[in-house]
Amino acid sequence: MSLGERSIEELRRELDSGSLGPRELAEDCLRRAHESQPRLGAFQELVEFAPDAGIAGPLHGIPFATKANIAALDARLDCESAILAGYRAPYEATVHRRLREAGAVCLGRTRMDEFAMGSSGERATSGETANPWREDRVPGGSSSGSAAAVGAGIVPFALGSDTGGSIRQPAAFCGCVGLKPTYGRVSRYGLVAFASSFDQVGPITRGVRDAALVFSVLAGLDPRDASTRGEAVEDPLEGIEEGPRGLRVGVPTKLLREVVDPRPLAEMQRVLTLLEDQGAEIVELELPLSRHALACYAVIANAEASSNLARFDGVRFGRRAEGEDLESVLHRTRSEGFGEEVKLRILLGSFVLCAGYRGRYLQRAQRLREGLRQETREALGRCEVLAWPTAPHTAFRRGERLQDPLEMYRSDALTVQANLTGHPAIAIPTGLDDEGLPFSLQLTGRELDERGLLRAARAVEKLCALDRSALRDPWWMR
Ligand code: GLN
């Protein structure tokens, strides 16, 4: 077993006992990263030498990778977009600083869909990422490289960002745990904005306990991000083994029958039955507004994206294309700099922001968002967590959805809700389908109750540990 396949907790014990050195660990992970790169393509940039682990802290000597939209001092921060080619961050994201201060060691930056817009890892300027389980499948997106690197056992954890599902959906496709914390729990300072009222940074790991550990390092008030919350972060590992007895799990069965493919639906039923056998109570719920979540997301997230991306014009930010006058500089810079999907989103966002259409789209979507918040809060008054498959299907074929944006967006149908409402949500692998692809269950928790959410997730994980033996001799190492 390669070192990167072990959990943070296992590595921690070995590092503490001295049987493993931080440099040896970092070099082993880097070697595997280099070997996997030609075929798996998880990284856009790797460090050249194993860095010395400096500070002693809860993650002392633990290697990780970071998504290409999170600033690390002097590191590439191009969000996989031509418009930011060559840009290196002159500052450090708070999440990165916190990890560094906890002793974690960054080994590289992972590929993503351009500006975090996508669900397949096929829209990166530095190249595509594949799914570690099957060469012909996408890893999901947009935190594609982070999920592939962790799923493949190259690093024990990676950072992702989640605006509409970009931590959870790729974690699901790659057989990882992915946690999107409550909106405001984790600082966005140094995360390149996509849709500011949705964006949240979180960990991708292979196990729930590791997710809890990394979350506890990331979370907390940040004076540099006014949207962060001041509430205390309770130790999420405390009580995490308590088990599902008495846990009420809400399931919007009717909605799920409409949107989820038969196999993931059956898998979810299997897991719910296991939970019930262990003393959990399954609560049938109706979430009538949730079937409109994707449309609501498309309007508001794109509106925010179009204004956030306005700063990349070759004058204030971004690589400049030459032109005769200001107008042509702006036009050429943005035409050449942005990829197709990003342009599509900017157009849609600008459209719904137009004075004449505001009432028809944006204001209605905002009312719907408020309704969704209410609906979710009420549902979470009747249970501690909501359960749904993370995605309506397992990892789809590469190339299959590139020409069909609506099909591509369908894969976010069940993840956008938690971003619209701000609730924390987690993806947990539960098993493999008959093609050898991971299934994933998503749990949504109460606001700021990551501890309760992680406890429930740990109960699921213990009931259905994923068989990773297919990755012993993986296709990307052959
Ligand atoms: N896949 C979704 C989208 O394309 C979510 C993206 C994200 O969470 N960054 O918008």
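The rules behind these values
Residues numbered from 1 in each chain as written. Predicted model: local features only at pLDDT ≥ 70, side-chain atom pairs only at ≥ 80, totals over all residues. Heavy atoms only, no water. Domains from an automatic or database assignment. Contact = heavy atoms within 4.5 Å. Buried area = accessible area lost by both parts, 1.4 Å probe. Salt bridge = Lys/Arg side-chain N within 4 Å of Asp/Glu carboxyl O. Polar contact = N/O pair within 3.5 Å; in protein donor to acceptor, adjacent residues only side chain to side chain. Helix = DSSP H or I, 4+ residues; strand = E, 2+ residues; numbered from the N terminus. Buried < 20%, exposed > 50% of the residue type's maximum accessible area, 1.4 Å probe, protein only. Pairing = 2+ DSSP bridges.

A. Looking closely at the domain arrangement of the protein chain. The domains assigned to the protein chain are domain 1 (3-284 + 384-477) and domain 2 (288-369). Using C-alpha coordinates to define each centre, domain 1 is positioned 27 Å away from domain 2. In this assembly, 30 residues from domain 1 lie in contact with 26 residues from domain 2. Of the roughly 2600 Å² buried at the junction of domain 1 and domain 2 (both faces included), carbon and sulfur atoms supply 62%. When the buried area of domain 1 at its contact with domain 2 is split by residue, Ile 83, Met 117 and Leu 420 rank highest and sum to 26% of it. Linking domain 1 with domain 2 are 2 salt bridges. The shortest N-O distance in the salt bridge between Arg 123 and Glu 341 comes to 4.0 Å. If you look at where domain 1 meets domain 2, you find 15 residue pairs in polar contact (both at pLDDT 80 or more). Looking at the side of domain 1 that touches domain 2, the elements that each hand over two or more residues are helix H7 (253-259), helix H13 (405-410) and helix H14 (416-421).

B. Just the side chain of Thr 66, in detail. The residue Thr 66 is located in strand E2 (residues 63-67) in this model. Setting aside chain neighbours within four positions, we find Thr 66 in contact with His 96, Cys 106, Gly 108, Arg 109, Thr 110, Ser 146 and Leu 159.

C. Fine view of the pairing of strand E9 (residues 385-389). Of all 5 residues in E9, 5 are buried; the element is thus mostly enclosed. The alternating pattern of E9 places Val 385, Ala 387 and Pro 389 on one face and Leu 386 and Trp 388 on the opposite face, and all of these are buried. Note that strand E7 (residues 248-251) and E9 share 2 bridges and pair parallel. By the bridge assignment, Val 249 is partnered in E9 with Val 385. With 5 bridges joining them, E9 and strand E11 (residues 438-445) adopt antiparallel strand pairing.

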